Amino acid sequence: EFPCGAACCTSWHSCENEIKLLTAEIERLKNFGCLGVSPSLEGLRDENAKLKYRLNFLQKSLQEERSKTAKSMININSCLQEIFGAAIQAAYPDLENPPLVVTPSQQPKFGDYQCNSAMGITQILLKTKEQKVSPREIAEKISKNIPANECIEKIEIAGPGFINVHLRKDFVSKQLSSLLMNGVQPPAVGKRKKVVVDFSSPNIAKEMHVGHLRSTIIGESMCRLFEFAGYDVLRLNHLGDWGTQFGMLIAHLQDKFPDYLTVSPPIGDLQAFYKESKRRFDTEEEFKKRAYQCVVLLQSKNPDFIKAWELICDVSRKEFQKIYNCLDITLIERGESFYHEMMKDIVKEFEDKGFVQVDDGRKIVFVPGFPVPLTIMKSDGGYTYDTSDLAALKHRLCEEKADILIYVVDSGQSVHLQTVFAAGQMIGWYDPKVTRVAHAAFGVVLGEDKKKFKTRSGDTVRLIDLLEEGLKRAMDKLRDKERDKVLTAEELKAAQTSVAFGCIKYADLSHNRLNDYVFSFDKMLDDRGNTAAYLLYAFTRIRAIARLASIDEQMLRKAAREEVLILDHEKEWKLGKCILRFPEILQKILDDLLLHTLCDYLYELATTFTEFYDNCYCVEKDRQSGQIVKVNMWRLLLCEATATVMAKGFDILGIKPVQRM
């Protein structure tokens, strides 16, 4: 009855239990009225009405949940874990937390999935009960206790105690039909949790450079994944929009554009403006003093200085938005300035709880396990990045009520963030057993010389220049392939942006984020191997199969309702199983936040499809005339299921495929 996983089962059971309790309570109130017991009749009616309203609401919610679950893709791995979990519990009821290991089989001769729990249970029995039992004997006992289910065809025990699982073909066929009729629906996740993702986070008055690329792309993709899985996601851009650097920027603005309060200053190149003010700050003592005075006036909320600050921020925002528009990034701005008013209370809270030490005028906090303390107030009374990061953490936990908090920040900030998280835990803002606070760290972008990616002159690569270069190279590639001769101008433009930005994103996301990666336009635009260019082209070809056979969407939908997907050919079977692994791939990423797993899966799906297409005729033609003589509709449905899953995978990665390339 509950094939979708434990979370859903739990939510259904709790909902059904409350319905039973409410029904009983309504009956009890009816009896009160019948027996003429003293509570006021009006009060009973009110209570009865409230209970009935709650009962109707729960019944409707349960109905909606069941309807949604019926349409959800089943996580087959989770299903098998439930089945084997029940079998292990029945076979060894005295074992606490026995190992539960279910993985897809690497070779067809070992079935479709494997349960490898027997070896672990052998070790536990030896250590805790001093019982020496062979893994094979344990595997046999587990197999005998497998409960009745709809997905397992047969079980085989191989080698020392591996349990090989063969899935039922009618079960896989049914799941594929459900996917075709309902689309790619995520497995139910139970209670809807709130996720806050901190990503991108450039600094005001500085241009976004290649270093911001990874945080922006990885963070956006994580948000898309959690949103698809049914979470409530808050996407935050923690801009560097406050601090002492604004003193020199405002002082320079006053000198260069003295009428800035009445006439909007034409700051064309903000990067040059920043460099000029920095040069003056480093070389002109009088300017430096005035810059410090400007900081004091800004922090005291002087209206003229707030106006200057807002002007500088607005120029930056417009430049950042150009990048975000290109890459299709959505963010809510909540920079350091947002938390400024909270910092005083943060310092007081740490003082009140006795965590603050004074060191040479500074207020510092030592966190157990971390050698470097957090500085929450400087000797001059100013706040630091440590203070603003603590304020942001508290606001996200206590005001936003985040269940999951993810910081997509480079690996260089790892110790700092872990110290801040530990401080939040130490002061009691969250319990890590209840709230997940994670640093999704990533490595740096390297040039082809394996050094930090720089321009030939040694400067940091501007992100806007990188994107424009990507557009140029994508168009060159399309023209080399003579696509400009077969595509309309509009189709060519769509293919250019799809390839350019898709390849840049995929090159990043397809690498393990924890590692550095080499940025190479030549590699990312190669239409062979695990690249966006290859996958986008493969997707376009798959979508074209039905179109070239004159089968439209309506005909495919009708076939999905009526046709049984035959999976007799080994390549049909392999493709069908690969398609249905999508939910377990997504679940793995929700757990470990490593998006390259999705890229690897999409590449595997595309290559598995190619094997299927090379061996199984979808559309049969007369060899001489080229006329279509037969359409194998169940195979076209497998093409459609593959494309549907690929399209959702692209959407999560932030890649936009095109119909013609």
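Residues numbered from 1 in each chain as written. Predicted model: local features only at pLDDT ≥ 70, side-chain atom pairs only at ≥ 80, totals over all residues. Heavy atoms only, no water.

The protein chain is annotated in an unreviewed UniProt entry as Arginine--tRNA ligase, cytoplasmic from Bubo bubo. Heading Catalytic activity (unreviewed entry) of the UniProt record for the protein chain holds this comment: "tRNA(Arg) + L-arginine + ATP = L-arginyl-tRNA(Arg) + AMP + diphosphate". As stated in UniProt under Sequence similarities (unreviewed entry), the record for the protein chain gives "Belongs to the class-I aminoacyl-tRNA synthetase family." (UniProt positions renumbered as here; feature names shortened; annotations may be inferred.)

Bringing the overall build of the protein chain into the picture now. For the protein chain, the helix and strand inventory stands at 23 helices and 16 strands. Looking at the 661 residues of the protein chain, the share that counts as buried comes to 49%. Long-range pairs, those at least 24 residues apart, make up 73% of the contacts in the protein chain between residues at least 6 apart in sequence. As displayed, the protein chain has an accessible area near 32900 Å², and 50% of this comes from carbon and sulfur atoms. (Helix = DSSP H or I, 4+ residues; strand = E, 2+ residues; numbered from the N terminus. Buried < 20%, exposed > 50% of the residue type's maximum accessible area, 1.4 Å probe, protein only. Contact = heavy atoms within 4.5 Å. Areas by Shrake-Rupley, 256 points an atom, 1.4 Å probe, with all protein chains shown as cover.)

Here the focus is the pairing of strand 16 (residues 628–631). In the sheet, strand 15 (residues 619–621) pairs with strand 16 via three bridges, with the strands oriented antiparallel. If you follow Val619 over to strand 16, its bridge partner there is Val631. (Pairing = 2+ DSSP bridges.)

The final tally for this structure, using the stated rule, is 14 aromatic pairs. Look at Phe350 and Trp429: their rings are 5.9 Å apart centre to centre, the planes differ by 85°, and that puts the pair in the edge-to-face class. Of this pair, Phe350 sits in helix 12 (residues 343–352) while Trp429 sits in the loop between helix 14 (414–426) and strand 12 (436–439), placing them 79 residues apart in sequence. By the burial criterion, Phe350 is buried, and Trp429 matches it. Here the aromatic rings of Phe609 and Tyr613 are separated by 5.9 Å at their centres, their planes lie at 15°, and the arrangement is stacked. (Phe/Tyr/Trp six-rings, centres within 6.5 Å; stacked < 30°, edge-to-face > 60°.)

A word on the side chain of Ser510. Residue placement: Ser510 occurs in the loop between helix 16 (489–509) and strand 14 (517–518). Here Ala507 takes part through its backbone oxygen, which lies 3.5 Å from a polar atom of the side chain of Ser510. Those residues in contact with Ser510, other than ones at most four positions away along the chain, are His596 and Cys599. (Polar contact = N/O pair within 3.5 Å; in protein donor to acceptor, adjacent residues only side chain to side chain.)

Mean pLDDT for the protein chain: 89, with 89% of residues reaching 70 or above. Long-range and interchain partners of residues 1–13, a stretch whose pLDDT sits below 50, account for 24 contacts in this model, where long-range means more than four residues apart. Note on residues 33–39: pLDDT is under 50 here. Beyond four places in sequence and across chains, it has three contacts. (pLDDT = per-residue confidence, 0-100.)

Attention shifts here to the sheet that holds strand 11 (residues 404–407). Spatially, five strands are ordered 7-6-5-11-12 in an open sheet, and the strand pairing comes out parallel. Both outer strands of the open sheet, strand 7 (332–333) and strand 12, are each paired with one neighbouring strand and no more. Sheet analysis places strand 6 (residues 232–237) next to strand 7, joined by two bridges and oriented parallel. Each residue of the ladder has a partner; that of Leu236, found in strand 7, is Ile332.

Here we take up the pairing of strand 9 (residues 362–365). Where strand 8 (residues 356–359) lies against strand 9, four bridges are found, and the strand directions are antiparallel. The residue bridging Val358 from the neighbouring strand is Lys363, located in strand 9. Taken together, strand 8 and the strand that follows it, strand 9, pair antiparallel across an intervening segment of two residues, in which Asp360 is found at a positive phi of about 55°. For strand 9 and strand 10 (residues 374–377), the ladder comprises three bridges, and the chain directions are antiparallel. Looking at strand 10, one finds that Lys363 is bridged to Met377.

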